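Listed here are the chains, written in short residue letters.
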Amino acid sequence: SDEQPKKRIAVVTGAAAGLGQAIAHRLAESGMDVVLADLDTADETAALVDKAGGRAHSVICDVTSEASVAELATAAQDFGGCDVLVNNAGIYPFVLFEDLTFEMWRRILSTNLDSMFLTCKAFLPGMQTNGWGRVINLASNAYMNGADPMLAGYVSSKGGVIGLTRALASEYGAHGITVNAIAPGLTVTGTTIAAVGGRPGEAGAAKWGAMAALQAIKRTPTPADVVGAAAFLASEEAGFITAQTLVVDGGLARV
Ligand code: NAD
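Residues numbered from 1 in each chain as written. Predicted model: local features only at pLDDT ≥ 70, side-chain atom pairs only at ≥ 80, totals over all residues. Heavy atoms only, no water.

Draft legend 1. Representation of the environment of threonine 64 within the structure. Position of threonine 64 relative to the elements: it lies in the loop between strand S3 (56-60) and helix H3 (66-79). In this structure, the C-alpha to C-alpha distance between threonine 64 and serine 110, residues 46 residues apart in sequence, is 5.7 Å. In contact with threonine 64, other than residues within four places in its own chain, are Ser110, Thr111 and Leu118. (Helix = DSSP H or I, 4+ residues; strand = E, 2+ residues; numbered from the N terminus. Contact = heavy atoms within 4.5 Å.)

Put into structure tokens, the structure is as follows:
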């Protein structure tokens, strides 16, 4: 039909930097307005969304806090709602298990998994009322390839993310809501550059080349390599795809 599709609103957590920023920008290019939730101000992302023709609304939010996520939900409601939820905020400190304290373990699980419990609790009821919704959770190929040491908390949290994705898909499929995960490989962001110890090609940053060598496509991914998966899963045409984890890692993990 000639009917114009509804202008969708996306809520992206961890939208101030890295993959969250790139996904927010890409969803704006798909015609969405975007709520940018982050501990940090997301001015740079807001400018990108604006340039792409979307409305941006920045909300300072700690996704580990039930009260803070409740404030995010109110802010999103005032902005117009939430059709697409991208649970992207996450942390990945590299720590040997023998050095991993219970406090650090709890912080990783809280940031990477409890956060998704809270945002899904906050935003799924509205999607259910609308009879339409998309939830996209950031997992990681570190869960599948399993070869990376120093990530016990992280890999455990991402296994939980994939489990939550599958479980919620079962409960919300009848309401027009899809729930999927994206599992990127090691991708260049400010945080991964710091973690690896330099940019791809730089001395002391051999991990980039080592990862690329394991991939079928032997180059280091940037956020631009990942955003298409988010745009697709958020689209109308992906409405029959749910409970899946789309691995975007140049063919490293085989699932
Ligand atoms: P990043 O560190 O570049 O950006 C993360 C953003 O999340 C930051 O802006 C940070 O302020 C925000 N954030 C952190 N804790 C928060 C909290 N409690 N509340 C609100 N915001 C918070 O990270 P990234 O590399 O872009 O990774 C984003 C997501 O993608 C994470 O879930 C990560 O596990 C996943 N991932 C990344 C890679 C990679 O190589 N970059 C690979 C696989 C999966």
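Draft legend 2. The nonpolar core, seen in detail. Core analysis: the biggest nonpolar cluster contains 29 residues, and Leu27, Val34, Leu36, Val84, Val86 and Ile182 have the highest contact counts within it. At the level of secondary structure, the elements contributing two or more residues to this core comprise strand S1 (9-13), helix H1 (18-29), strand S2 (33-38), helix H2 (43-51), strand S4 (84-87), strand S5 (133-138) and helix H9 (227-234). Sort the elements by how many residues they give to this core and H1 lands first, with six residues. Not counting residues up to four positions away in its chain, the partners in contact with isoleucine 182 are Ile136, Asn137, Leu138, Ala139, Ser140, Val226, Ala229, Ala230, Leu233, Leu246 and Val248. Ile9, Val63, Ala75 and Tyr172 belong to the second-largest nonpolar core, a separate cluster that totals 27 residues. (Core = buried A, V, L, I, M, F, W, Y, C linked by side-chain atoms within 4.5 Å. Buried < 20%, exposed > 50% of the residue type's maximum accessible area, 1.4 Å probe, protein only.)

Draft legend 3. Summary view of the site of the ligand. If you check the shell around the ligand, you find 29 residues, and the closest are Asp38, Tyr92, Tyr154, Thr187 and Thr191. Contact distances for the ligand include 2.7 Å between an oxygen atom and a backbone N or O atom of leucine 19. Side-chain polar atom of threonine 189 to an oxygen atom of the ligand: 3.0 Å apart, as the coordinates give it. Within the residue set of the shell around the ligand, elements represented by two or more residues are H1, helix H6 (152-172) and helix H7 (190-196). Of the residues assigned to the shell around the ligand, the class counts are 13 nonpolar, 12 polar and four charged. Domain assignment of the residues forming the shell around the ligand places at least three in each of domain 1 (9-185 + 227-245) and domain 2 (187-220). (Near = heavy atom within 4 Å. Polar contact = N/O pair within 3.5 Å; in protein donor to acceptor, adjacent residues only side chain to side chain. Nonpolar A, V, L, I, M, F, W, Y, C, P; charged D, E, K, R; others polar. Domains from an automatic or database assignment.)

Draft legend 4. The arrangement of the domain arrangement of the protein chain in detail. Structurally, the protein chain comprises domain 1 (9-185 + 227-245) and domain 2 (187-220). A straight line from the C-alpha centre of domain 1 to that of domain 2 covers 24 Å. The junction of domain 1 with domain 2 conceals about 570 Å² of combined surface from both sides, 62% of it contributed by carbon and sulfur atoms. Summed over the shared surface of domain 1 and domain 2, the result is one salt bridge. In this structure, aspartate 148 and lysine 207 form a salt bridge, with 2.8 Å as the shortest nitrogen-oxygen distance. For the pair domain 1 and domain 2, the number of links is three residue pairs in polar contact (both at pLDDT 80 or more). (Buried area = accessible area lost by both parts, 1.4 Å probe. Salt bridge = Lys/Arg side-chain N within 4 Å of Asp/Glu carboxyl O.)

Draft legend 5. Quick look at the sheet that holds S2. Here we have seven strands laid out as an open sheet, ordered S3-S2-S1-S4-S5-S6-S7, and parallel in their pairing. Looking at which strands have only one partner, the edges of the open sheet turn out to be S3 and strand S7 (245-248). Adjacent strand axes in the sheet meet at a mean angle of 15° when their direction is disregarded. Note that S4 and S5 share four bridges and pair parallel. Along S5, the bridge assignment pairs valine 84 with arginine 134. Strands in contact with helix H4 (residues 102-130) are S1, S4, S5 and strand S6 (177-184); relative to S4, the strand with the most contacts, it is inclined by about 170°. Where H6 meets the sheet, its contacts fall on S5, S6 and S7, and the angle it forms with S6 comes to roughly 160°. (Pairing = 2+ DSSP bridges. Axes fitted to C-alpha atoms, helices over the stretch in contact; angles between N-to-C directions.)

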